[in-house]
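Residue strings, one per chain:
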There are 2 protein chains.
Amino acid sequence: MEGIFYGVGVGSEDSELLTIKAVKTIQNADVIIAPKTEKQKESIAFSIAKQYIPKRAKIIFQIFPMTKNKKLLNEAWLCNKNEIVKYLKRGKKVVFLTLGDPMIFSTYINIFVLLKDEGFHIKTIPGIPSFCAIAARLGVPLVKENEILSIIPATAENNTLQKVLKNSENIVLMKVSKNSDEILNQLRRSGHIKNAILVSRSGLNDEIIHDNLETNKFFNINYLSTIIAKKK
Amino acid sequence: MEGIFYGVGVGSEDSELLTIKAVKTIQNADVIIAPKTEKQKESIAFSIAKQYIPKRAKIIFQIFPMTKNKKLLNEAWLCNKNEIVKYLKRGKKVVFLTLGDPMIFSTYINIFVLLKDEGFHIKTIPGIPSFCAIAARLGVPLVKENEILSIIPATAENNTLQKVLKNSENIVLMKVSKNSDEILNQLRRSGHIKNAILVSRSGLNDEIIHDNLETNKFFNINYLSTIIAKKK
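Just so we're clear, the structure is a prediction, and the values are computed from it rather than from any experiment.

> Break down the packing of aromatic side chains for me, with residues and values.
Per the counting criterion, the structure on display carries twelve aromatic pairs over all chains. Between A:Phe46 and A:Phe61 the ring centres are 5.0 Å apart and the planes differ by 70 degrees, which places this aromatic pair in the edge-to-face class. Of the two residues, A:Phe46 is situated in helix H2 (residues 44-49) and A:Phe61 in strand S3 (residues 58-63); the sequence distance between them amounts to 15 residues. Given the relative accessible area of 41%, A:Phe61 is considered partly exposed. Between B:Phe5 and B:Phe96, the aromatic rings sit 6.1 Å apart at their centres with planes inclined by 65 degrees, giving edge-to-face as the arrangement. Of the two residues, B:Phe5 sits in strand S1 (residues 4-9) while B:Phe96 sits in strand S4 (residues 93-98), which places them 91 residues apart along the sequence. Residues B:Phe5 and B:Phe96 agree in their burial class; the two are buried.

If you want it as structure tokens, here you go:
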């Protein structure tokens, strides 16, 4: 009998922000897949979930490189997918840990699509998206009444970004990093800058919060940064 | 000493989709506020959280009417807020249950803003948004790579809706109900209809899933319906 592949959202800052279902799924796992980038020394998803991982589970750190090179990316996904298939064919319960929610900008989506196409049994357990965790902690409502909320990767094209900013009272910018100057300019033009908050390494020991983006120009920003902004 | 007001997201379909932190907060509550509309016979948020509520806790069902009459709404919010203040002044831990995530289109936001302005101590515990729960269960990635995800209330103005649909590959339409015909027309025009799924009363016993919105015209839709749609 073939195993089951679980994509488990571990939320984004706190081991208590996993759901009961996520914790139970991790506790029953035979194999834990913890994704990490080449550069990172640790897997943040692993650190958050660590306390729930059973001793008997095999832990595998898989490298998902941070590159725009499609060929390298595809190779990494295939290689990681094949390693997972090996365990599924042995009937194992394989849990893939993923930061935030598995269906929002995750590495998991790539593996999910590959395995789904090959007919494997998959269960996805939702997680708290980073922007919900940040909004709750900082006391910032994300969207209300008849308003729009747009979730935008900072890697989107400038033209697209501009149009979306124009029509959304509320925005969440994810994956903010190197291009932050251009992003801030766009927020200035669209009228979102006054009520914008940037959170870098949310919830971790070295978290940084900037809530005065109108005057701030340079940040020590890494790829885990998020901006929540409002037009009014 | 004054009490603490907690806004707790209970997720949207399953008692196992509450976070560990949400469960602990409910278990420590002195007072549980369960919001309901006039028409509803039950509070769905209460049903989901019920098994975690301690016996000693006082349970209060507060009515939040479904009306566009601003005066009636404000009266209801003030009246409910005042009832909560009474318990906070007695030093109680008051937990306000809220479906999905507290900072996304919730009744909680109104009470949160009122209490915040009066200086009360508030903690918000995030929850799994309904669209994350649905996407995970149905195996539909919400947004990936450089794409945009827009969260839109079906009550938004047609003009706004049209512009947002134009610029978002991925959309979530919440609070879909009476105006569903107009919504479907818009999705047809924007090219989102082919990959659209409508879920009514998500996760409940009488859940309905429609994944052929191109031909379907009439639904038995209530206000808990959500549409997830993609352009490609």
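> Give a detailed account of the pairing of strand S10 (residues 225-230) of chain A, specifying residues and quantitative values.
Residue and element names in this part refer to chain A. Within S10, six of the six residues are buried, which leaves the element mostly enclosed by the surrounding structure. Across the two faces of S10 the burial is the same, with Ser 225, Ile 227 and Ala 229 and Thr 226, Ile 228 and Lys 230 all buried. Here strand S7 (residues 170-176) runs beside S10; their pairing, made up of five bridges, is antiparallel. Bridge pairing in S10 links Val 176 to Ser 225. Pairing geometry for strand S8 (residues 195-200) and S10, over five bridges, is antiparallel. Bridging across to S10, Leu 198 finds its partner in Ile 227.

> I'd like a rundown of the sheet that holds strand S9 (residues 208-210) of chain B, residues and numbers included.
With mixed pairing, the ten strands of this open sheet are ordered in space as S9(A)-S8(A)-S10(A)-S7(A)-S6(A)-S6(B)-S7(B)-S10(B)-S8(B)-S9(B). Two strands in the sheet have a free side with no partner beyond their single neighbour: strand S9 (208-210) of chain A together with S9 of chain B. Ignoring strand direction, the axes of neighbouring strands in this sheet form an average angle of 15 degrees. As paired elements, strand S6 (residues 149-153) of chain B and strand S7 (residues 170-176) of chain B share five bridges and run parallel to each other.

> How would you sum up the packing of helix H3 (residues 70-89) of chain A against helix H4 (residues 108-117) of chain A? Please name residues and give values.
Residues and elements named next belong to chain A. In the contact formed by H3 and H4, the axes pass within 10 Å of each other and the chain directions differ by 55 degrees. Comparing their axes, H4 and H3 come out oblique. Considering how the two elements wind past one another, H3 and H4 form a crossing that is right-handed. Contacts between H3 and H4 pair Trp 77, Leu 78, Asn 80, Lys 81, Ile 84, Val 85 and Leu 88 from the former with Asn 110, Ile 111, Leu 114 and Leu 115 from the latter.

> Explain the pairing of S6(B) to me, and be specific about the residues and the numbers.
A large share of S6(B) lies buried, amounting to five of its five residues. The alternating pattern of S6(B) places B:Leu149, B:Ile151 and B:Pro153 and B:Ser150 and B:Ile152 on opposite faces, both of which are buried. By the bridge criterion, three bridges tie strand S6 (residues 149-153) of chain A to S6(B) in an arrangement that is antiparallel. Along S6(B), the bridge assignment pairs A:Ser150 with B:Ser150. Once you follow S6(B) into helix H6 (residues 158-167) of chain B and on to S7(B), the crossover reads as right-handed.

> Lay out the relation of the copies chain A and chain B with the relevant residues and their values.
Rotating chain A by 180 degrees about the axis while translating it 0.0 Å along that axis superimposes it on chain B, leaving an RMSD of 0.0 Å. Both copies are brought into coincidence by an operation consistent with a two-fold rotation axis. When you check the interface residues of chain A against chain B, 100% turn up at the interface there too, and the contact is symmetric in its surfaces.

> Any chance you could break down the state of the cysteines for me, citing the residues and the numbers?
Counting across every chain of the model gives zero disulfides over all chains. With no disulfide partner, B:Cys132 has as its closest neighbouring cysteine sulfur the one in A:Cys132, 6.6 Å distant. For B:Cys132, a relative accessible area of 0% translates into the label buried.

Rules used in this analysis
Residues numbered from 1 in each chain as written. Chains lettered and ligands numbered in written order. Predicted model: local features only at pLDDT ≥ 70, side-chain atom pairs only at ≥ 80, totals over all residues. Heavy atoms only, no water. Phe/Tyr/Trp six-rings, centres within 6.5 Å; stacked < 30°, edge-to-face > 60°. Helix = DSSP H or I, 4+ residues; strand = E, 2+ residues; numbered from the N terminus. Buried < 20%, exposed > 50% of the residue type's maximum accessible area, 1.4 Å probe, protein only. Pairing = 2+ DSSP bridges. Axes fitted to C-alpha atoms, helices over the stretch in contact; angles between N-to-C directions. Parallel < 35°, antiparallel > 145°, perpendicular 65-115°, else oblique. Left-handed = near helix turned anticlockwise from the far one by under 90°. Contact = heavy atoms within 4.5 Å. Right-handed = clockwise from strand over helix to strand, strands pointing away. Least-squares fit on C-alpha atoms with pLDDT ≥ 70 in both. Disulfide = S-S within 2.5 Å.

Any link to function would need more than the numbers given here.
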